[in-house]
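# Geometric and topological summary
Each chain is listed here by its residues.
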Amino acid sequence: MNGRAVRLHWTIAALIASLLAGCGTTVKELRHHPQQTHAEEMLAAVLPHTKFPNLHYWIRVAAPAKTSVGLAVLPQRHIYLSEPLITQADEGILTALVAHGVAHHRLHHDAQRNALNLVQRAAFKAGGFFVPGLSQGHRIGGPLMEVALSAGQEPAADTKTVEYLKEMGRSERDWLEALEFLVAHGYTEQVGRIIVQREDFANRIASLREHLVLDFSQ
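Below, the structure is looked at part by part. (Residues numbered from 1 in each chain as written. Predicted model: local features only at pLDDT ≥ 70, side-chain atom pairs only at ≥ 80, totals over all residues. Heavy atoms only, no water.)

### Digging into the sheet that holds strand β5 (residues 194–195)
Strand pairs in the sheet, formed through backbone hydrogen bonds, run parallel or antiparallel to each other. Read across the open sheet, the 5 strands follow the order β1-β3-β2-β4-β5; overall the sheet is mixed. At either end of the open sheet lies a strand with only one pairing partner, and these are β1 (58–62) and β5. Of the strand pairs in this sheet, strand β4 (residues 188–191) and β5 are connected by 2 bridges, and their pairing is antiparallel. In the strand pairing of β5, glutamine 190 is matched with isoleucine 195. Each of β1, β2 (69–74), β3 (78–82) and β4 touches helix α4 (residues 91–106); the most contacted strand, β3, lies at about 150° to it. (Pairing = 2+ DSSP bridges. Helix = DSSP H or I, 4+ residues; strand = E, 2+ residues; numbered from the N terminus. Contact = heavy atoms within 4.5 Å. Axes fitted to C-alpha atoms, helices over the stretch in contact; angles between N-to-C directions.)

### Notes on the nonpolar core
Within soluble globular proteins, side chains that are nonpolar tend to cluster in buried spots. Leu81, Leu85, Leu97, Val102 and Trp175 are the most contacted members of the largest nonpolar core, which has 41 residues in total. Broken down by element, this core gets its largest block of residues, 8 residues, from α4. When residues no more than four places from it in sequence are discounted, the contact partners of leucine 85 are Gly70, Leu94, Leu97, Phe181, Leu182 and Tyr187. Counting residues in each nonpolar core, the second largest holds 6 residues, with Ala62, Ala72, Tyr80 and Ile195 among its members. (Core = buried A, V, L, I, M, F, W, Y, C linked by side-chain atoms within 4.5 Å. Buried < 20%, exposed > 50% of the residue type's maximum accessible area, 1.4 Å probe, protein only.)

### Here's the deal with unusual backbone geometry
With the exception of glycine, most residues fall at negative phi, and the peptide bonds are largely trans. Phi at serine 68 takes a positive value of approximately 55°, unusual for a residue other than glycine. With respect to the helices, strands and loops of the structure, serine 68 is situated in the loop between β1 and β2. Positive phi is not limited to glycine here, since arginine 77 has a value of about 60°. With respect to the helices and strands, the residue arginine 77 is situated in the loop between β2 and β3. By relative accessible area, which is 29% here, arginine 77 ends up partly exposed.

### Some details on a negative patch on the surface
On the surface, a cluster of negative charge is made up of Glu40, Glu41, Asp90, Glu91 and Glu177. On the secondary structure map, glutamate 91 appears in helix α4. By relative accessible area, which is 39% here, glutamate 91 ends up partly exposed. (Patch = residues over 30% accessible without salt bridge, like charges linked within 9 Å, V, L, I, M, F, W, Y side chains within 5 Å. Areas by Shrake-Rupley, 256 points an atom, 1.4 Å probe, with all protein chains shown as cover. Salt bridge = Lys/Arg side-chain N within 4 Å of Asp/Glu carboxyl O. Lys, Arg positive; Asp, Glu negative; His and termini not counted. Charge placed at Lys NZ, Arg CZ, Asp CG, Glu CD.)

### Some words on the pattern of salt bridges
What the rule picks out here adds up to 7 salt bridges. Put simply, aspartate 158 and arginine 204 hold a salt bridge, and the shortest N to O gap is 2.8 Å. Of this pair, aspartate 158 sits in helix α6 (residues 138–167) while arginine 204 sits in helix α8 (residues 198–217), and the two are 46 residues apart along the sequence. The exposure class of aspartate 158 is buried, given its relative accessible area of 7%. Its relative accessible area of 6% is what places arginine 204 among the buried residues. Lysine 160 is paired through a salt bridge with glutamate 163; the nearest N and O atoms lie 3.5 Å apart. Taken together, the positions of lysine 160 and glutamate 163, both in helix α6 and 3 residues apart, correspond to about one turn of that helix. A cluster of three or more residues bridged by salt bridges with shared partners is formed by Glu154, Asp158, Glu189 and Arg204.

### Notes on the pairing of β2
The buried fraction of β2 is high, at 6 of 6 residues. As defined by bridge partners, β2 adjoins β4 across 4 bridges and the pair is classed as parallel. In the strand pairing of β4, alanine 72 is matched with glutamine 190. Two elements, β2 and β3, share 4 bridges in a ladder whose sense is antiparallel. Each bridged residue has a counterpart across the sheet, and for leucine 71 the counterpart in β3 is leucine 81. Once β2 ends, the chain turns through 3 residues before running back antiparallel as β3, passing glutamine 76 with a positive phi of about 60°.

Dropping the structure here:
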C-alpha cells in the first residue's frame, strides 16, 4: 500500500470513528435565558446531597442542536440542558437530569477518558517508530475507546444519580421516567465528545425497570 493509499485509509477510518463517537458536536449556550435561574435552583437542590456540596458547577441552557442533545455534560463541571427540553419536562425529570450531570462529574468520568487518551496517544506514537502510519492510530482508537468506556460509565452514573435522588427524598423511578422522557421525545445525552445512542438508553431503561420490579417483589 503506497503512502497516498495509507493516508486515504486512515482518513476514511477516522471519519467513520468520528461519526460513531459523535465527535465535533458543539453546545451553544443561550446567555441570559429566562430558564437560567430555574436551572441554577435545581442544581442548588442537588448539591447538598453530594460529597462536596460547595463545589462550583456551571449549569446553562443550550440552543437546540441537530443531534437533539437534551443533556450535555462537558469538562470543567459544565452541565447544559437544551432549551426545548427545559421547557417541556417537569420538575422531577429536570432535577433527575441535573443530578445525572453532577454524577458524571463526581465520578471523574472526563478525567478517566483524558488519562486513557494520553496513554493511548503515547502508545501509538511509540508504535509509529516501527510501523509507518501507526502514530496516527489514536484518531481511530481514541473515539472508539471513548465509546467503549462510555458503556461502563453510564451505568455507574445511573447508580450515583439514583443515590442522589434518594437522598433528596425522591426515588429511582424519577430517573427511570427521565430516561423514558429522553427516548420518547427523541433527545440524546452527550458526555464529553460522546453522544449516547438509543440502544444504550434501552439497556439502561430495562435495567432500571428490572431493579424496580425486584425491589417491589421483596
